[in-house]
Amino acid sequence: MSKLSKAMKNTGLLSQVVEELSASGQYVLTPPLVRPIVDRKKEIMLKNISIEVYQFFINHLVPERQNVSLIDTNNIGEIRKQIKENTRSIINLNRLNHVRYINKFLIEINASMPDAGIFIGCVEPVKEVKEKYRRKIKNPVLFSMFWMLVFVFHRIMPKVEYLQKIYFFLTKGKYRYLTMGETLGRIASCGFEIIEYKKINGLLYFAVIKTKEPVYGVQPSFGPLFPMNRIGKNGKMIKVYKLRTMHPFAEFLQDYVTKLNGYNKVGKPANDFRVASWGKIYRKYWLDELPQLINVLKGELNIVGVRPLSRTRFNELPEDLQKLRVRFKPGCIPPYVALLMPDAEGNIEAERIYLSEKLKHPVRTDIKYFFMAIYNILSGKIKSS
């Protein structure tokens, strides 16, 4: 019997855990919050969780409080039935992998709590699933063949229009393979802001807070070609095409990732967990940039020009550079590639140099920067981030 189970045989799950945490120097709650369990149903639901998971809970709320509802469901219709009146926060003990309509489920959670309510849940990330199978299948060849098949079945089929019905008929919506990036992106799109996430015993637990209504009418792209909202000439929003390098719903995490880790030396979000492993290969060899030629043919981009930026990144630039940038079309090949100035500050300075030259000699400047950039790429003097 675990420590937690023994503690719960009496009345003191919270008291027992706080006592143990206090003894180990990890005390997180003040004595007035320590109360005996009075809800028998909650006691039963919490009985099998580990102390590590319980500690994650009480870092954000106290499960025993009357305004905290514990649910254990993957069914949207069961959410309202399982939560109590005057619920402020919700803990779901059932992992999101078993939810058929994930966003609808999260939207219902959002609607079931007031503003600033906390939602805690968990998911088994696909990386953890892969490692679990790797430990079971020792032969690397057999493992590669097996993983390719299960990955196609659980990860790709649910996202292909004509195969979705077959997949969900066979699985009933359970055992879906989800990445951390997609999971947190879906949560953010449904009106929540991420407070914390932590891997415990092979599961990713997350604590989020309701900050707004869900984003309706936005259909994230699941295909290989990914349209990004970027600022074009005269400040007009355009969709710039790239080969997908990030997990679906990654666009909803842009602000969170930059606030969490800032930018790297080339001006892109640092330590970006949204980028897939195959996406890193595309970026290394500039392959993800090729679809921007579609934007060139549509007249939205030039071959050479300032890099098309998101609204978030654009707003961080100096105001004078913002005004100068929108006078011209963005380009596929940015100035920093030609001038070998890839770091964040150098990137801004490279744009100033380029734009000042372009104001005087538009065509000649673009031709000059094009050949300088091509030489730097082919000679290996600069590499893609």
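Residues numbered from 1 in each chain as written. Predicted model: local features only at pLDDT ≥ 70, side-chain atom pairs only at ≥ 80, totals over all residues. Heavy atoms only, no water.

**Focus: the sheet that holds strand β1 (residues 68-71)**
For the record, the criterion: In this analysis, strands are considered paired if DSSP registers two or more bridges between them. Starting at the N terminus, helices and strands are each numbered in turn, a helix being any DSSP run of H or I of at least four residues and a strand any DSSP run of E of at least two. Where helices are involved, their axes are fitted lines through C-alpha atoms of the stretch in contact, as for all axes, and angles between N-to-C directions lie from 0 to 180°. We call two residues in contact whenever any of their non-hydrogen atoms come within 4.5 Å of each other.
Taken in spatial order, the 5 strands line up as β1-β2-β3-β5-β4 in an open sheet, and their pairing is mixed. Each edge of the sheet is formed by a strand with only one pairing partner; in this case those strands are β1 and β4 (192-200). Taking each pair of neighbouring strands and ignoring which way they run, the sheet shows an average axis angle of 20°. Pairing analysis gives 2 bridges linking strand β2 (residues 89-92) to strand β3 (residues 118-123), with the strands arranged parallel. Its bridge partner being in β3, I91 is matched across the sheet by I120. Those strands touched by helix α10 (residues 180-189) are β3, β4 and β5 (203-210), and its axis lies near 150° from that of β4.

**Quick notes on the pattern of salt bridges**
As a working rule, side chains carrying opposite charge can pair if their charged atoms are close by. Defined as follows: Salt bridge, as applied in this entry: a Lys or Arg side-chain nitrogen positioned within 4 Å of an Asp or Glu carboxyl oxygen. For the exposure calls, accessible area comes from a 1.4 Å probe over protein chains only, and a residue counts as buried if that area is under 20% of its type's maximum, exposed if over 50%, partly exposed in between.
Counted by the stated rule, this structure contains 19 salt bridges. In this structure, R155 engages E182 in a salt bridge whose closest nitrogen and oxygen atoms are separated by 2.7 Å. A residue pair is termed long-range when its members are at least 10 positions apart, and R155 in helix α8 (residues 140-156) and E182 in helix α10 qualify at 27 residues. Summarising the burial analysis for this pair, R155 and E182 share the class buried.

**Overview of the packing of helix α6 (residues 102-111) against α10**
When two helices pack together, their arrangement is given by the angle between their axes and by how far apart the axes lie. Rules: Each angle is binned into one of four classes, with values under 35 degrees roughly parallel, values over 145 roughly antiparallel, values of 65 to 115 roughly perpendicular, and all other values oblique. What makes a crossing left-handed is the near helix being turned counterclockwise from the far one by less than a right angle; a clockwise turn instead makes it right-handed. Under this grouping Gly is polar, as are all residues other than the nonpolar Ala, Val, Leu, Ile, Met, Phe, Trp, Tyr, Cys and Pro and the charged Asp, Glu, Lys and Arg.
It is the contact of α6 with α10, at a shortest axis distance of 9 Å, that shows an interaxial angle of 45°. Comparing their axes, α10 and α6 come out oblique. The way α6 lies across α10 gives a crossing that is right-handed. Residue-level inspection shows I102, N103 and L106 of α6 in contact with α10, the latter providing R186, I187 and S189. Grouping the amino acids of the contact of α6 with α10 by side-chain chemistry returns 3 nonpolar, 2 polar and 1 charged.

**What about the side chain of T258?**
Secondary-structure assignment places T258 in helix α11 (residues 254-261). Judged by its relative accessible area of 10%, T258 falls in the buried class.

**A closer look at the packing of aromatic side chains**
How two aromatic rings sit relative to each other is given by the distance of their centres and the angle of their planes. For the record, the criterion: For Phe, Tyr and Trp, where Trp contributes only its six-membered ring, two rings pair if their centres lie within 6.5 Å, and the inter-plane angle classes them as stacked under 30 degrees, edge-to-face over 60, or tilted in between. Our definition puts a charge over a ring when NZ of Lys or CZ of Arg is within 6 Å of the ring centre and also within 35 degrees of the ring normal.
With the rule as written, the count across this model stands at 15 aromatic pairs. Note on F143 and W147: the rings are 6.4 Å apart at their centroids and 10° apart in plane angle, and the pair reads as stacked. Taken together, the residues span about one helical turn, with F143 and W147 both in helix α8 at a distance of 4 residues. For the pair F143 and W147, a shared accessibility class is recorded, and that class is buried. Between the aromatic rings of Y197 and F273, the centroid separation amounts to 6.0 Å while the plane-to-plane angle is 70°, which identifies the pairing as edge-to-face. Within this pair, whereas Y197 is found in strand β4, its partner F273 is found in the loop between α11 and α12 (277-284), the two being separated by 76 residues in sequence. In this structure Y197 comes out as partly exposed when scored by relative accessible area, which is 24%. Here a set of aromatic residues connected by ring pairs shows up, and it is made of Y133, F143, F146, W147, F151 and Y177. The ring of Y101 has R100 sitting right over it, with the charged end atom 4.1 Å from the ring centre.

**Looking at the packing of helix α7 (residues 126-136) against α8**
Contact geometry for α7 and α8: axes closest at 10 Å, N-to-C directions at 145°. When you trace α7 past α8, the crossing you get is right-handed. Across the interface between the two elements, V126, V129, K130, Y133 and R134 from α7 touch F143, F146 and W147 from α8. Residue composition of the contact of α7 with α8, by class: 6 nonpolar, no polar and 2 charged.

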